[in-house]
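# Inside the fold
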Amino acid sequence: MELESKAKAKAIEHEAEQMLENSKVKIKANEIEQEREYQKRLSRLEKRQHALILEQKEIASEREDLEEKKKTLQRKEEYLERLEQKKQAVISEAVDKMEHIASLTKEEAKAYILKKVEDQCRFNVANIVRKYTQEAKEEGQKKANYILAQATTRYAGEFAGERLINTITLPSDEHKGRIIGKEGRNIKSLEMLLGVDIIIDETPGVIIVSSFNLYRRAIATRVIELLVEDGRIHPGRIEEIHEKVQQEFEQKTFEEGERIVIDLGLFPMAEELIRLLGRLKYRASYGQNALAHTLEVANLAKVMAANMGGDEKLALRAGLLHDIGKALTQEYGGSHVELGVELCRKYHEHPTVINAIYAHHEYEEPESIESAAVCAADKLSAARPGARREVLESFTKRVREIEDIATAKEYVTSAYAINAGREIRVLVNADKISDSESVLLSKEIAKEIEEKVQFPGEIKVNVIREKRAIAYAK
């Protein structure tokens, strides 16, 4: 009995030592991870500090230039004052001579000379005004070009064109069959749930996910990658993974927005605005990524406002939020300007931010340096070569219109345009609509698309009515 107790005690002691050792290893790993994170943050802070030092040097240099110009202007004013005194002396001398020579009174001589001087001065002033007006125009143009050049050279943003497909690499061609499933049930379930087009062709080890909606396409890509890793591919597992990935993406978009706001030093900001900033990563306008465009505008506006004596921080915030409404247009439709203004008013953003949102699409005139900087930065970002592609935007607009027509119908739960907009898959509530009514609905949607949307070829309207029965064994 005693031996057994000793053995148990020894086993417990060994287990405790093992747990202690494991805890030490975890603590050490945690310390290493924290040290790495600290070094990363320290590196970012050092870079930011270096940039601030450079800006301070530039400001100091500009201040010295202004002081020198001020001194030069003061010297010119003193010179003009001396010239004025000399002119008065010459006039007095001329008046005295004319009194003696022409038998004119002092007042008559003075009036005659002043008339001559006035005529001469008017001619000289006209020339001077013309000269300085031209110089002012040239100087203003140079200053505007300088501000734009400074903004574009001091901010070098990354740009990546968004396409309409994602390519997924498979471990083997055997996975293609598993993704298709028996009688195609897996691929049907995937396309119906994810709202994308899944293309499986002869290309070895590759499948393609196609959709005009970047967010939907990114979720679909992640779901398929996880299913391939897991190996269990069936409709129930697909729904489970899809729900998990949706939650993961919601968290990722919030973290992305939070990282941007922290890096730009714009805290505090409402959580919904932060989350929508992250969603802009999955939104494109004329082929230009909305988040990349937003960051480009924010940084350009900051530099421009600094050069024009405005509030850099406010210009940065206004630039960051000027297109925030675009994160909601695919869900709610309507103008991204109105949606953005409504959001910013809801969360009590600065009036300059709201004015910048209105002004960058000419709903209002810019009321401040910061708003004007955002407008200029928006045009600069959008107009540079290669920034936008009109053909892609017209295609995505047409596809969105097709989806909107379907979702507006009664009892439609969701609608997805697939096959590059040549087919629309419409899911309806099976409890509210019969099979016969589904046929009528498909014809109704097809007719409305014909009337309202211009498109090449034909569009297949596929109405899906699925009835599920669920019970629980207890």
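Anyway, here's the lowdown on the structure attached to this text. Keep in mind the model is a prediction, meaning the values are calculated, not measured. Each residue is numbered by its place in its chain's sequence as written, counting from 1. Per-residue local features are limited, in this predicted model, to residues with pLDDT of at least 70; the limit for side-chain atom pairs, both in listing and counting, is 80 or more; totals at the level of whole chains, interfaces and linings are taken over all residues. Only heavy atoms go into the side-chain values, all of them from the structure, while hydrogens and water stay out.

### Section: a nonpolar patch on the surface
Taken together, the side chains of Tyr79, Leu80 and Leu83 make up a nonpolar region of the molecular surface, amounting to roughly 310 Å² of accessible area. Tracing the backbone shows Tyr79 in helix α1 (residues 2–101). A residue counts toward a patch only above 30% relative accessible area and without a salt bridge, and it is joined to like-charged neighbours within 9 Å or, for Val, Leu, Ile, Met, Phe, Trp and Tyr, to nonpolar neighbours within 5 Å. Throughout, the Shrake-Rupley method with a 1.4 Å probe supplies accessible areas, and for residues the shown protein chains are the sole cover considered. For this document, the term salt bridge refers to a Lys or Arg side-chain nitrogen within 4 Å of an Asp or Glu carboxyl oxygen. For the purposes of this entry, the term helix denotes a DSSP run of H or I that reaches at least four residues, the term strand denotes a run of E that reaches at least two, and both are numbered from the N terminus.

### Considerations on the sheet that holds strand β8 (residues 460–465)
Any two strands with at least two DSSP bridges between them are considered paired. An order of β6-β7-β8 is seen for the three strands of this open sheet, with the pairing classed as mixed. Bordering the open sheet on either side are β6 (412–418) and β8, each of which pairs with just one other strand. Averaged over all pairs of adjacent strands, the angle between their axes in this sheet comes to 20°, without regard to strand direction. The pairing of β6 with strand β7 (residues 423–428) spans six bridges and is antiparallel. Following the sheet pairing, Tyr416 is matched in β7 by Arg425. Here, two residues are considered to be in contact whenever any of their heavy atoms come within 4.5 Å of each other. Inter-axis angles, ranging from 0 to 180 degrees, are taken between N-to-C directions of lines fitted to C-alpha atoms, where helices are fitted over the stretch in contact. Of the strands in this sheet, β6, β7 and β8 are in contact with helix α15 (residues 435–452), which crosses β8 at around 150°.

### Looking at unusual backbone geometry
For the bond from Phe267 to Pro268, the omega torsion is 0°, close enough to zero to count as cis. Mapped onto the secondary structure, Pro268 falls in the loop between α6 (235–264) and α7 (271–279). Unusually for a residue other than glycine, His348 sits at a positive phi of about 55°. Residue placement: His348 occurs in the loop between α11 (336–346) and α12 (351–359).

### Observations regarding the sheet that holds strand β1 (residues 165–169)
As summarised here, the arrangement of the three strands in space is β1-β3-β2, forming an open sheet in which the pairing is antiparallel. Each having just a single partner strand, β1 and β2 (197–199) make up the two edges of the open sheet. This sheet shows a mean twist of 25° between the axes of neighbouring strands, independent of strand direction. One ladder, built from three bridges, connects β2 with strand β3 (residues 206–210); its direction is antiparallel.

### Let's talk about the packing of aromatic side chains
Working definition: a ring pair exists when centres of Phe, Tyr or Trp rings (six-membered ring for Trp) sit within 6.5 Å. Plane angles under 30 degrees give stacked, over 60 give edge-to-face, the rest tilted. Evaluated as defined, the whole model comprises two aromatic pairs. With 6.0 Å between their ring centres and 80° between their planes, Tyr215 and Phe249 make a pair best called edge-to-face. You can see Tyr215 sitting in helix α5 (residues 214–230) and its partner Phe249 sitting in helix α6, a full 34 residues away along the chain. Taken individually, Tyr215 and Phe249 each receive the classification buried, so the pair is uniform in this respect. With a centroid separation of 6.1 Å and 25° between ring planes, the pair formed by Tyr358 and Tyr363 is classed as stacked. The class for Tyr358 is buried, based on a relative accessible area of 11%. Each residue's exposure class comes from its accessible area (1.4 Å probe, protein chains only) as a fraction of the maximum for that residue type: buried when under 20%, exposed when over 50%, partly exposed otherwise. Residue class for Tyr363 comes out partly exposed when judged on its relative accessible area of 43%. In this arrangement the basic side chain of Lys252 is found over the ring face of Phe249, its NZ or CZ atom lying 4.6 Å from the centre. In this scheme, the term charge over a ring applies when either NZ of a lysine or CZ of an arginine sits within 6 Å of the ring centre and within 35 degrees of the ring normal. The lysine or arginine in question, Arg279, covers the ring of Tyr215, its NZ or CZ lying 4.0 Å from the ring centre.

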